[in-house]
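Next come the chains, spelled out residue by residue.
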Amino acid sequence: MAVNQIWGPSQDNPYPQTEFLDETTKRPSRAWQQYLLNLVNFSSATNATKGAATLPTNPVGFINITVNGKPYKVPYYNI
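Rules of the game
Residues numbered from 1 in each chain as written. Predicted model: local features only at pLDDT ≥ 70, side-chain atom pairs only at ≥ 80, totals over all residues. Heavy atoms only, no water. Helix = DSSP H or I, 4+ residues; strand = E, 2+ residues; numbered from the N terminus. Buried < 20%, exposed > 50% of the residue type's maximum accessible area, 1.4 Å probe, protein only. Contact = heavy atoms within 4.5 Å. Areas by Shrake-Rupley, 256 points an atom, 1.4 Å probe, with all protein chains shown as cover. pLDDT = per-residue confidence, 0-100. Pairing = 2+ DSSP bridges. Phe/Tyr/Trp six-rings, centres within 6.5 Å; stacked < 30°, edge-to-face > 60°.

Q: Could you clarify how one ought to interpret the overall build of the protein in this entry?
A: Broken down by element type, the protein carries 1 helix and 2 strands. For the protein, the N- to C-terminal ordering of α and β elements is α-β-β. Across the 79 residues of the protein, 10% fall into the buried class. If you take every contact in the protein between residues at least 6 apart in sequence, the share linking residues at least 24 apart comes to 6%. Summed over all atoms, the accessible surface of the protein reaches about 7500 Å², with 55% contributed by carbon and sulfur.

Q: In this structure, what is going on with the confidence of the model for the protein? I would like to understand it.
A: Should the pLDDT be low somewhere, the predicted coordinates at that spot are not to be read in detail. Averaged over all residues, the pLDDT of the protein is 75; the fraction at 70 or higher stands at 65%. Within the protein, strand E2 (residues 70-76) carries the highest mean pLDDT (86), whereas helix H1 (residues 30-39) carries the lowest (81).

Q: For this particular structure, what's the right way to read the pairing of strand E1 (residues 61-67)?
A: For a regular strand, the rule is simple: side chains alternate between the two faces of the sheet. Strand direction decides the pairing type here: E1 and E2, joined by 7 bridges, are antiparallel. Looking at E2, one finds that Thr66 is bridged to Pro71. Where E1 folds back on E2, the antiparallel hairpin that results is connected by 2 residues, among which Asn68 adopts a positive phi of roughly 50 degrees.

Q: What should I look at first to understand the packing of aromatic side chains in this one?
A: Two descriptors summarise a pair of aromatic rings, namely the distance from one centre to the other and the angle between the planes of the rings. Counted according to the given criterion, the structure contains 3 aromatic pairs. With centroids separated by 5.5 Å and ring planes inclined at 50 degrees, the aromatic side chains of Tyr15 and Tyr35 adopt a geometry described as tilted. Taken together, the residues Tyr15 in the segment before H1 and Tyr35 in helix H1 connect sequence positions 20 residues apart. Tyr15 gets classed as partly exposed once you look at its relative accessible area, which sits at 46%. Given a relative accessible area of 7%, Tyr35 falls into the buried group. Ring geometry for Trp32 against Tyr35: centres 5.4 Å apart, planes inclined by 80 degrees, an arrangement best described as edge-to-face. With Trp32 and Tyr35 both in helix H1 and 3 residues apart, the pair spans about one turn of that helix. Put simply, the rings of Tyr15, Phe20, Trp32 and Tyr35 pair up and form one aromatic cluster.

Q: So what exactly am I meant to see when it comes to the side chain of Ser29 here?
A: Mapped onto the elements of the fold, Ser29 is located in the segment before H1. Not counting the four nearest positions on each side in its chain, Ser29 is found in contact with Thr18, Glu19, Phe20, Leu21 and Asp22.

Following this line, the structure appears as structure tokens:
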């Protein structure tokens with residue numbers, strides 16, 4: 001039986017043994033922040049095949065992301 005690495009009992013990414021919320025900031029503790037960030041596995045590619053849709057000339061806005069320490073702005077559209 002295959003085990004899902006995120007939800008299964010894998011020890012590759014064990015749950016933090018601290019409280020979820022920091023009492024002083026009322027935000028997730030540093031250990032939980034790192035754990036949750038590690039669940040998201042960003043990957044990138046140097047090329048892609050284009051889709052059939054033609055995008056509008058002006059995006060609605062941009063999503064700021066950081067990949068391997070380099071910031072990027074990704075446009076999003078309301079189509």
